[in-house]
Structures are given as C-alpha cells and as structure tokens.
Amino acid sequence: MTLNEALAARINELLQEKNITQYGLFKRSGVSAQEISQIRHQRNKSNSLNIVFQLAQGFEMSLMQFFDSPLFGYEDVAD
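From a predicted model like this one, the values you see are computed outputs, not experimental measurements.

Draft legend 1. Representation of the side chain of Asn4 within the structure. With respect to the secondary-structure elements, Asn4 resides in helix H1 (residues 3–17). Polar contacts involving the side chain of Asn4 include one to the main-chain carbonyl oxygen of Asn44, which spans 2.9 Å.

Written out as structure tokens, the structure reads:
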C-alpha cells in the first residue's frame, strides 16, 4: 500500500468511526472540502504534514493518535 492509499484509508476510517462527514471535517479542520476529497480519492501526488496535522486536529486527535494505525506500519507502507 502506498502512503497516499494509507492516508486515504485512515481518513475514511476515522470519518466512519467518529460519524463525521467530509463537510464536517472541513468545518472542524479548516482544510478545504476539495482538498479532503482529493486526499480521499488519492488524486494528490503528495500531501503536506501540515494538512495532515490540521485533519488530525479536526478529528480532535494528535498526529501520534492519527498515525497510530496498522495502516502506517513499516512493513505495510511502500512508497
């Protein structure tokens, strides 16, 4: 799995887990709905850590909590 695939999967997982819509995440994080959509559909070649930080804040979690997922395991991400 690529890092972009893992990031998209984690965002989708958290949206469902926390019962938040993409629009709700936009309102909470300040990251545009278009940017969130591009990440979720893996249309970006790369994503800045600043954007991921803002998304984590929108989910009311730290970066550590955001990345605390098997999706980001050393063996699982190949970029």
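Draft legend 2. Focus on the side chain of Arg10. Summarising the element assignment, Arg10 is placed in helix H1. Setting aside its immediate chain neighbours within four residues, Arg10 contacts Met61, Gln65, Phe66, Asp68, Ser69, Leu71 and Phe72.

Draft legend 3. Spotlight on the environment of His41. Its location among the elements puts His41 in the loop between helix H3 (33–40) and helix H4 (49–58). In this structure His41 comes out as partly exposed when scored by relative accessible area, which is 47%.

Draft legend 4. Quick look at the packing of aromatic side chains. Counted according to the given criterion, the structure contains four aromatic pairs. Judged by centre distance (5.3 Å) and plane angle (90 degrees), the rings of Phe66 and Phe67 are edge-to-face. Between Phe67 and Phe72, the ring centres sit 4.9 Å apart and the planes meet at 80 degrees, which makes this aromatic pair edge-to-face. By relative accessible area, which is 16% here, Phe72 ends up buried. Members of the aromatic cluster, each reached through a chain of ring pairs, are Phe66, Phe67 and Phe72. Sitting over the face of the ring of Phe66, Arg10 holds its NZ or CZ atom 5.9 Å from the ring centroid.

About the thresholds
Residues numbered from 1 in each chain as written. Predicted model: local features only at pLDDT ≥ 70, side-chain atom pairs only at ≥ 80, totals over all residues. Heavy atoms only, no water. Helix = DSSP H or I, 4+ residues; strand = E, 2+ residues; numbered from the N terminus. Polar contact = N/O pair within 3.5 Å; in protein donor to acceptor, adjacent residues only side chain to side chain. Contact = heavy atoms within 4.5 Å. Buried < 20%, exposed > 50% of the residue type's maximum accessible area, 1.4 Å probe, protein only. Phe/Tyr/Trp six-rings, centres within 6.5 Å; stacked < 30°, edge-to-face > 60°. Lys NZ or Arg CZ within 6 Å of the ring centre and 35° of its normal.

Any functional reading would require information beyond the geometric quantities listed.
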